Structures are given as C-alpha cells and as structure tokens.
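Examining the three-dimensional arrangement
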Amino acid sequence: MRKMLLIVSLCLLTLVLKAQVLLSPDKNLTCKFELREGVPYYQLSYKNKTVLKPGKLGLELKNDKRSLLNGFEVTSVKTSTFDEIWKPVWGEVKSIRNHYNELAVTLDQKETNRQVIIRFRLFNDGLGFRYEFPAQKNLNYFIVKEERTQFAMPGDLTVWWIPGDYDTQEYDYTKSKLSEIRGLMTKSITDNLSQTSFSPTGVQTSLMLKSNDGLYINLHEAALINYACMHLNLDDKNMVFESWLTPDAKGDKGYLQAPCTSPWRTVIVSDDARNILSSKLTLNLNEPSKIEDTSWIKPVKYVGVWWEMITGKSSWSYTNEYPSVQLGKTDFSKAKPNGTHAATTANVKRHIDFAAANGFDGVLVEGWNIGWEDWFGNSKDYVFDFVTPYPDFDVKEIRDYAKSKGVKMIMHHETSSSVRNYERHLDTAYKFMKANGYDAVKSGYVGPILPRGENHYSQWIVNHYQYAIEKAADYKIMVNAHEAIRPTGICRTYPNLIGNEAARGTEYQAFGGSKPNHVAVLPFTRLIGGPMDYTPGIFEMDISKLNPNNKSHVNSTLTNQLALYLTMYSPLQMAADLPENYNRFPDAFQFIKDVAVDWDDSKYLEAEPGQNITVARKAKGSGKWFLGSVGGEESRTSNISLSFLDPGKKYIATIYADANNAHYKTNPQAYTIQKVEVNNKSKLSQFVAPGGGYAISFLEAGKK
Ligand code: NOJ
Ligand code: CA
C-alpha cells in the first residue's frame, strides 16, 4: 500500500515538475508545456530554431480575483496521434490530410476546485491549442474579462500588419519591424481613413511574420464560434504579443457556460513561405461538415450589377426622395426616379445575357430593394426588409429570364448593420430567395452595429454571423458575407459559407486605390482563414473613364488581374468589371471565361510575402491546369519549372503576360498573349511588371 502511494506521489511529482514535450509527426516542431510556480507556459521550436519563447497561458475572469491564471497543478496528461484524410466539398485540393500529435493537459486550480484542459495539436505545419472548460460545479457560467494567451516572439521580427480595429479589416498592410508598429500606427489609421485602434501596438490576425533567420510564422485562430475575435497586443519592450478579445458594448469579452472551449490559437511555421500558403492547419482544426447533403453547394463564377455603383457611375437607390419610408407601405411608383439606378430589369437582363454568352454561373444585383434612399449616412434599425423591390426591378420577370438562360441570380442583403432587424426578417428573406430562384446571398454589414453599439467582432455579433450561415444551410442557401468576422476555417463545418470579404477588396481600387503589392500580402494574412470575395477582373484602371468625378486608379496591370483568379483562392469568383470593358479586350477576357473555380490539386511554386506568389492549380475533373503569378511593387522575373504538369502529356500553354513596358500606374493595359507547346520538363522565365502578374491556361494538346 505504502509502495503504491509512493509510486502515485512520484508520478504526480513528475507531472508537476516535468515539462511535457510534444513533437510534430515529422519531428521538426517541438512544443513544450510546463508549469512555473503554478502558471502555465508553452514554447515552440522548428528545426531547433525558436518560434515562440516561453509564453504564459490563462484567462482573466470578471468578478473573480483568482481567475484562471495561476495556482494550477497538473492532474493528468494525455497524448495521442490522429491521422485521417478527408475530402472538402470544394477546395484547393481534392483531399486533405489531418495528421497531428496531441497533448491534453488537465490543470487543477486546487484553491477554487476548478479544472481547465489545455489541448495542443502539433502538425507538421504548425501548432493549434485551445482552452477547454469541462462541466463542473465551480465553473459554470462565467464572464471573460480578458484572455491572457501570450505569443512570445523570438526577436524583433518583420511583420505585415493592420491595426487592431474592432470594426474593420479594410486596411492596406504595413510591413515593418515589430518595434516599429508603435511609430507607424497613427499613419496606418489616418492613411486608411479608419477608426482608432484599441492600442498603439495592437494588430489583427491573421498576422504574418518573418524572422531574420528565415522562419515564416503566421498567428491566427481557428473555429471562432461563440467567442470574441482575438486581436494581438504587443509588449514591444519584450516582443511578446498577448491576446486581446474584442469587447461587447459593455466592455465584456465573453459570456461562457461550461462545458465549452475557446477557439484554437494557431501558429503556422515553415522555413519556406510556400508552405504557409498551402497549409491546411486552419481547416483541420475545424469540425467536419455538419451539412449532410452538400450536393447543392456549388462553386460560382459570377458577374454583377455592382462595379458601376462602387465607382459612382450609377446608384444603388432608385430615387433621391422619400428620406423616411414605411417598409412595404410607401408607393415607390410615385417617387421621382433619380435616373442613375443600376438595378433595373433591363440592365439586369443585359447582365444575364452577358453571363449566359460567356459561361458564367451567376449574376449578383445590388440596389434592387427599397431602403437605400433612406439608409446612407444614417444608423436606423428598420431600413431594409429584404423582400420589397424598387418599381423598376421586376423580380418575377428576372427570375424567369435567368432560368431560361440557365443563369442563377445572386441575392444581395445589405443589412446596414441593423442585425436584429435582419434576424427578424431572415426566414422571410430566405424564403423569398428560394421562391425566386436565388441559391446564394451576398450579405453586408456596413456601418455601426445596431442595436447597443456592438463592435463588428464581439461574441454577440460573431454569433449572429454564424446564425445567418446555419439558417441559410437549412434553406440550402450559400453565403458570402461582407464586413463580417474574418474567417477561421468554419467553411469546413459549414461549406455553404463560400465567401467572405473581411479585408480590403477590389472596391478600394475605386476608393483611392490599394498598394500594388496588396494582393501579394492577402494570401499570407486574410486568406489563411478562408476564401475571400476579392472581386478581381478589372480591365479599365482609369476609373474616371467610368465616372468623370472619380479620379481613383486601379493599382494593378491587366494581367495581374487575371492572375488573381489563381492566387486569391476562392470557390466564388467575380468578373467585376463592366461587360463593355470586357468587350474591349476579348482576347484577355478569354482567360476569365476559361479559368476554373474548383480544384483537384494546387502547387505553390514561388512565394514571398508582399513580393510574389505563383501557384498552379489543376481543375476539378477536367485535368486542365491554370497558373497565376502576382508580383509586388517592383518588376521581377519569375523562374519556374512546369514539372507539376501530368507526365507524358503535351499541353498548349496560353500565356497572358505583362508587356515589357507595362506598369501598374502608367501602362497597365500593355499585355501580350502567346501560345506555346509545353510538357512537364519545360521551364519558364517570365517578366512581371511593377504591380504586374501573368496567367497561363494549359490545355492538353488536341483536347478542348
Ligand atoms: C460594401 C461591400 O463591400 C460592397 O461590396 C457593397 O457593394 C457595399 N458595401 C454595399 O452593400
Ligand atoms: Ca466592404
């Protein structure tokens, strides 16, 4: 008996004293967990280089002195291995390996008799970890004052960042050293005409970092469900980031009820930037699809009645009258039309014709429903009802016309951030969509969130976005949410979430322009969590040609725009420019017509944040390959091998590239199109202009 007790106590002692070490399946990554005087710490290394120095773990609770920060003992340690292959409904590849070693440490806070589990999953491409709160007597309902997870960086790294704004991610990225964030914060906020950041060293995830010794590190989160979005606040003396959750209108950060978990905190690591882009860690940390029959979820290539409003050529609103409407009651046929309304039956039919003639699946129409005349500049809780069209938009005629042409209509719900109003109308709105042939909705959350003045990324509103996705799934509706929470891989669990904005998209090219290398940053940051509805395909860079009052310039060459269909992975891709601009460049437009939106395989060939991304993708089912390459601010030569092509086959490669004198600012429409025969032994050396790019379609010789 005594001996037994001795063994048990010795075991417990080792648990208390010993660090727990977890290796990735390929043994390149090592994660170490330990308690230091009752405080949990973890650290991470990659091929013997430090990725994260020892950093603290824990949570501060409201009205709870002890919180979940210290006074812990380790009571159990469980390790396991997981290895499976799963098939996404849509994606960059047809199957994904989910392979990790796991360590689950149960911590007991003796003084309060409360337990927390910290679960670590170590993959070959990085680490995920989360807090788990099992059901227990002394931790039932609790309020998070702050999560105190540290990411202790190994030095003054290079970082691509945007300010830790609670309401928008629509920023250009700043590249700097960690130590320079503080000095550049105000400039970033004023340059982007945005809100104030919560802290002079606060940034958003997904955050891309690079160390002096060539390690690429990405910090983000996975499976953000029923929890506030995490920003990171830097202690720039010690180079330690700490989690900073988005507060609600009262300043609280989370209302939790055990059993529950936090989202996964993710650290993707490699010494090769291409592996950051091809990592599937974020998806792997999400649950498998909760939608059983996914046959109705289909990737979509679409055009829209959209860019003409974004550029200011046309308007969303039908009239400039009726400052205050009574939804469903005001007689709009008596209102004076403003003459610039874009969503007219005739214009929509023209777009349906264009879509049908060029092989597009869908047509998005914005400004079709009443409310726009009343909304702009106002925060109100009743603006849109999502079912009442303007008098010049004939829902049934458009429904029948689209059907006769084999084109799907895409609905638009601008919620004006009146979230409760949207929730009240949601069933009716989704039913209206189905009755009129719409299977996909683009939703939007412009303006301050009503009611209560919530932030865009707090727990309550995260729950709303999720509710809208899940309810849409009940109606077999696909969702593309703009201004909503940035994605965290939830599209694995709800593959009807086919798009999101949550970053600075193409629209900013008509609002003053984006940095020419923006598109070489986004895949390393925003796209880590999931696809973006970036809306590429602009051929006319001089916006004043569309609207003489808009002097904005699209900072991109034309073939850079083509490359985006590959480099900005999304199952939802728009050809955003006006049909008349595509008709001016039919040879280049051919690429947009041909390019696939769903893939069996993807190979990242070149990658460096902010400088270049080259990726080749094999179309689902057809065996055709497509390649896209974007550069940065400077010109470059891209040198690649075509060894990804299927061996033994001959292909006709059509190369759409910047002409030698192309430049995003001064000569963006200078391009060449060349056809050459290639195989998997071929090599390519290709010029890329400043702000440029190139795109290639590979068709097996003799095939269509
Ligand atoms: C902002 C969105 O990003 C844009 O796509 C949309 O057209 C407008 N809001 C209006 O809803
Ligand atoms: Ca937007």
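Below you will find a few notes about this structure. (Residues numbered from 1 in each chain as written. Chains lettered and ligands numbered in written order. Predicted model: local features only at pLDDT ≥ 70, side-chain atom pairs only at ≥ 80, totals over all residues. Heavy atoms only, no water.)

1. Looking at the overall build of the protein
Secondary structure summary: the protein contains 13 helices and 36 strands in total. The C-alpha radius of gyration computed for the protein amounts to 26 Å, which stays within 12% of the reference 27 Å derived for 704 residues, consistent with globular compactness. Considering only C-alpha atoms, the protein reaches an extent of 90 × 65 × 50 Å along its principal axes. Counting all 704 residues of the protein, 63% fall into the buried class. Once local pairs closer than 6 in sequence are excluded, the contacts in the protein between residues at least 24 apart make up 71%. Carbon and sulfur atoms form 50% of the exposed surface of the protein, whose accessible area is close to 26,400 Å². With 82 positive and 77 negative side-chain charges, the protein shows a spacing of 5 Å between the two charge centroids. (Helix = DSSP H or I, 4+ residues; strand = E, 2+ residues; numbered from the N terminus. Rg over C-alpha atoms; globule rule 2.2 N^0.38 Å. Buried < 20%, exposed > 50% of the residue type's maximum accessible area, 1.4 Å probe, protein only. Contact = heavy atoms within 4.5 Å. Areas by Shrake-Rupley, 256 points an atom, 1.4 Å probe, with all protein chains shown as cover. Lys, Arg positive; Asp, Glu negative; His and termini not counted. Charge placed at Lys NZ, Arg CZ, Asp CG, Glu CD.)

2. A look at the packing of helix α6 (residues 345-358) against helix α8 (residues 395-405)
Two numbers describe how α6 lies on α8: the axes approach to 10 Å, and their chain directions differ by 10 degrees. Classified by the angle their axes make, α6 and α8 are roughly parallel. Crossing of α6 over α8 shows right-handed handedness. On the side of α6, the interface is formed by Thr 345, Val 348, Lys 349, Ile 352, Asp 353 and Ala 356, while α8 contributes Glu 397, Ile 398, Tyr 401, Ala 402 and Lys 405. Considering only residue class, the contact of α6 with α8 consists of six nonpolar, one polar and four charged. (Axes fitted to C-alpha atoms, helices over the stretch in contact; angles between N-to-C directions. Parallel < 35°, antiparallel > 145°, perpendicular 65-115°, else oblique. Left-handed = near helix turned anticlockwise from the far one by under 90°. Nonpolar A, V, L, I, M, F, W, Y, C, P; charged D, E, K, R; others polar.)

3. Some remarks on the coordination of the calcium ion (ligand 2)
In this structure, Glu 170 (OE), Glu 483 (OE), Glu 501 (OE), Glu 501 (OE) and Glu 507 (OE) serve as the protein donors to the calcium ion (ligand 2), at separations of 2.3 to 2.6 Å. Around the calcium ion (ligand 2) sit six donor atoms, and with donor-metal-donor angles ranging over 52 to 165 degrees the site reads as irregular. Of note, the calcium ion (ligand 2) draws all its donor residues from one chain, in the sequence arrangement E-x312-E-x17-E-x5-E. Each member of the pair, Glu 501 as well as Glu 507, is classed as buried. (Donors = N, O, S within 2.8 Å, 3.2 Å for Na, K, Ca; no water. Tetrahedral: all angles 85-135°; square planar, octahedral: opposite > 155°, others 65-115°.)

4. Points about the packing of aromatic side chains
Inspection of every chain in the model, using the stated rule, returns 39 aromatic pairs. Judged by centre distance (5.8 Å) and plane angle (10 degrees), the ring pair of Trp 368 and Phe 432 falls under stacked. Here Trp 368 is found in the loop between β23 (362-365) and α7 (372-375), whereas its partner Phe 432 is found in helix α9 (residues 419-435), with 64 residues between them in sequence. The pair formed by Trp 368 and Phe 432 is uniform in burial state, with each residue classed as buried. Site record: aromatic cluster; members linked through ring pairs are Trp 316, Trp 372, Trp 375, Phe 384, Phe 386, Tyr 422, Tyr 445 and Tyr 465. Here the guanidinium or amino end of Lys 301 rests over the ring plane of Phe 360, the centre of that ring lying 5.8 Å away. (Phe/Tyr/Trp six-rings, centres within 6.5 Å; stacked < 30°, edge-to-face > 60°. Lys NZ or Arg CZ within 6 Å of the ring centre and 35° of its normal.)

5. Topic: the sheet that holds strand β30 (residues 612-619)
In spatial order, the strands read β29-β30-β31-β36-β33-β34; together these six strands make up an open sheet with antiparallel pairing. Pairing within the sheet leaves two strands with one partner each, and these edge strands are β29 (599-608) and β34 (671-678). Taking each pair of neighbouring strands and ignoring which way they run, the sheet shows an average axis angle of 15 degrees. Strand direction decides the pairing type here: β30 and strand β31 (residues 625-630), joined by six bridges, are antiparallel. Opposite Thr 614, over in β31, you have Ser 629 as the bridge partner. Together, β29, β30, β31, β33 (651-658), β34 and β36 (693-700) form the strand contacts of helix α11 (residues 558-567), whose direction differs from that of β31 by roughly 120 degrees. (Pairing = 2+ DSSP bridges.)

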